[in-house]
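Below, each chain spelled out in residue letters.
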Amino acid sequence: MLELQNINYVKKNKEILNKITAGVERGESICLFGPNGAGKSTLLKIMASLIKPTSGKCEISLSTPKTVGYIPQQIALFPNMSVKDHLKYYQKLTKQKDQAFINEMSSALDLNSIMNKKVEELSGGMARKLNLAVGVIHRPEMIFLDEAFVGVDLAFKHDMLTWLNKLNNQGVTIVFVSHDWHVIYNLAKTMWVLQDGKLMDQFLIKDISKREMDYQSEDSALKKMFALRKFDYEKNGN
Ligand SMILES: Nc1ncnc2c1ncn2[C@@H]1O[C@H](COP(=O)(O)OP(=O)(O)OP(=O)(O)O)[C@@H](O)[C@H]1O
């Protein structure tokens, strides 16, 4: 469904992505994982066709470009517009005729109780839910999420993850950037590990305890990130 062939990305003489080759099959759910500055957001934008690689190819086989959904790290909503008006606006913009899908999404994300609120009146978590809703309102075949759960409480996170898993079970392909182990465990089937612009590893989440051993030898950011996967309650006196 998506093929990355020898992707390089250079900006201001800095090599941000280096020789990335990988493929994504339909229905996969992939977490791009790695330290700050590893190149995750840049790779996600290339995969979503928002930016072009300096060299290499990103080939995506979808029916139309419209069938990609991208949820940006920065919330991109209109402060003075209500939740309802956002949904109407993006429904019109994307020519989405399937009202039943929008109703189902509004109810899954529990947007009905805040329909008349303006974005400026929403909490951070509510705005994240709306940000997700407008990004997938056209029912894309592939969804790209960049840190879409930052600041979202566990209940809202539950709603968002349940909705995304439902779409994934219907065959929608999901690629997301996250540092949040709740999100990773509840959404990803596969993890891609990035460091210094390189794709170091790809593995199934079920194999994580075996594969993280590769990052234990040095005092690296990845070692610390994997260490937080398990919280030692006994050591912390609970
Ligand atoms: N337009 C740009 N111009 C110059 N440098 C850039 C540009 N975009 C990204 N970079 C640099 O490329 C590197 C990778 O950035 P990117 O945002 O892709 O990393 P990331 O893994 O998503 O990081 P984070 O987890 O902090 O969001 C960083 O060092 C960043 O400063």
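Residues numbered from 1 in each chain as written. Predicted model: local features only at pLDDT ≥ 70, side-chain atom pairs only at ≥ 80, totals over all residues.

1. What about the sheet that holds strand E1 (residues 2-11)?
Sheets are built from strands paired through backbone hydrogen bonds, the pairs being either parallel or antiparallel.
Right, on to step 1. Taking strand neighbours across the sheet as the criterion, the 3 strands line up as E2-E1-E4 in an open arrangement whose pairing is antiparallel. At either margin of the open sheet sits one strand with a lone partner, and together these are strand E2 (14-24) and strand E4 (55-60). When strand polarity is set aside, the average angle formed by the axes of neighbouring strands in this sheet is 20°.
Right, on to step 2. Direction of pairing for E1 relative to E2: antiparallel, over a ladder of 7 bridges. Within E2, the position partnered with Leu 2 by the bridge is Val 24. (Pairing = 2+ DSSP bridges. Helix = DSSP H or I, 4+ residues; strand = E, 2+ residues; numbered from the N terminus. Axes fitted to C-alpha atoms, helices over the stretch in contact; angles between N-to-C directions.)

2. A look at the site of the ligand
Right, on to step 1. Neighbouring residues of the ligand: Lys 11, Lys 12, Lys 14, Ile 16, Gly 34, Asn 36, Gly 37, Ala 38, Gly 39, Lys 40, Ser 41 and Thr 42.
Right, on to step 2. Among the elements of the structure, E2 and helix H1 (40-47) are those that each provide at least two residues to the shell around the ligand.
Right, on to step 3. At 3 residues, the largest contribution of residues to the shell around the ligand is made by H1.
Right, on to step 4. The residue inventory of the shell around the ligand, partitioned by class, reads 2 nonpolar, 6 polar and 4 charged. (Near = placed C-beta within 6 Å. Nonpolar A, V, L, I, M, F, W, Y, C, P; charged D, E, K, R; others polar.)

3. Remarks on unusual backbone geometry
Right, on to step 1. Phi is positive for Lys 19, close to 50°, though the residue is something other than glycine.
Right, on to step 2. What makes Lys 19 partly exposed here is the crowd of 14 C-beta atoms within 10 Å. (Buried ≥ 20, exposed ≤ 12 C-beta atoms within 10 Å, placed from the backbone.)

4. Thoughts on the environment of Lys 157
Right, on to step 1. Within the fold, Lys 157 resides in helix H5 (residues 154-169).
Right, on to step 2. Taking C-alpha positions, Lys 157 is 8.8 Å from His 182, a pair spaced 25 residues apart along the chain.
Right, on to step 3. With residues near it in sequence (within four places) discarded, Lys 157 still touches Phe 149, Val 152, His 182 and Val 183. (Contact = placed C-beta atoms within 7 Å.)

5. A word on the packing of helix H4 (residues 124-135) against H5
Helix-helix packing: each pair is described by the crossing angle between the helix axes and the interaxial distance.
Right, on to step 1. Where H4 contacts H5, the two axes come as close as 10 Å, and the packing angle between them is 10°. Between H4 and H5, the crossing angle belongs to the class labelled roughly parallel. In this structure, H4 contributes Gly 125, Lys 129 and Leu 132 to the contact, and H5 contributes Phe 156, Asp 159 and Met 160.
Right, on to step 2. A per-class count over the contact of H4 with H5 returns 3 nonpolar, 1 polar and 2 charged. (Parallel < 35°, antiparallel > 145°, perpendicular 65-115°, else oblique.)

6. Here's the deal with the nonpolar core
Right, on to step 1. Leu 32, Ala 133, Phe 144 and Val 175 are the most contacted members of the largest nonpolar core, which totals 63 residues.
Right, on to step 2. Looking at which element gives the most residues to this core, the answer is H4, with 6 residues.
Right, on to step 3. Sequence-distant contacts of Phe 144, that is, excluding residues within four places in its chain, are made with Leu 44, Met 47, Ala 48, Gly 69, Tyr 70, Ile 71 and Val 175. (Core = buried A, V, L, I, M, F, W, Y, C linked by C-beta atoms within 7 Å.)

7. As for H4
Right, on to step 1. Taking 1.5 Å per residue, 12 residues should reach 16 Å; H4 reaches 17 Å between its end C-alpha atoms and fits that length.
Right, on to step 2. Extensive coverage of H4 is indicated by the burial of 10 of its 12 residues.
Right, on to step 3. Within H4, the full set of buried residues consists of Met 126, Ala 127, Arg 128, Lys 129, Leu 130, Asn 131, Leu 132, Ala 133, Val 134 and Gly 135.
Right, on to step 4. Elements that come into contact with the buried residues of H4 comprise strand E5 (68-71), helix H2 (83-93), helix H3 (99-108) and H5. (Expected span 1.5 Å × (residues − 1).)

No statement about biological role is implied by the geometric values presented.
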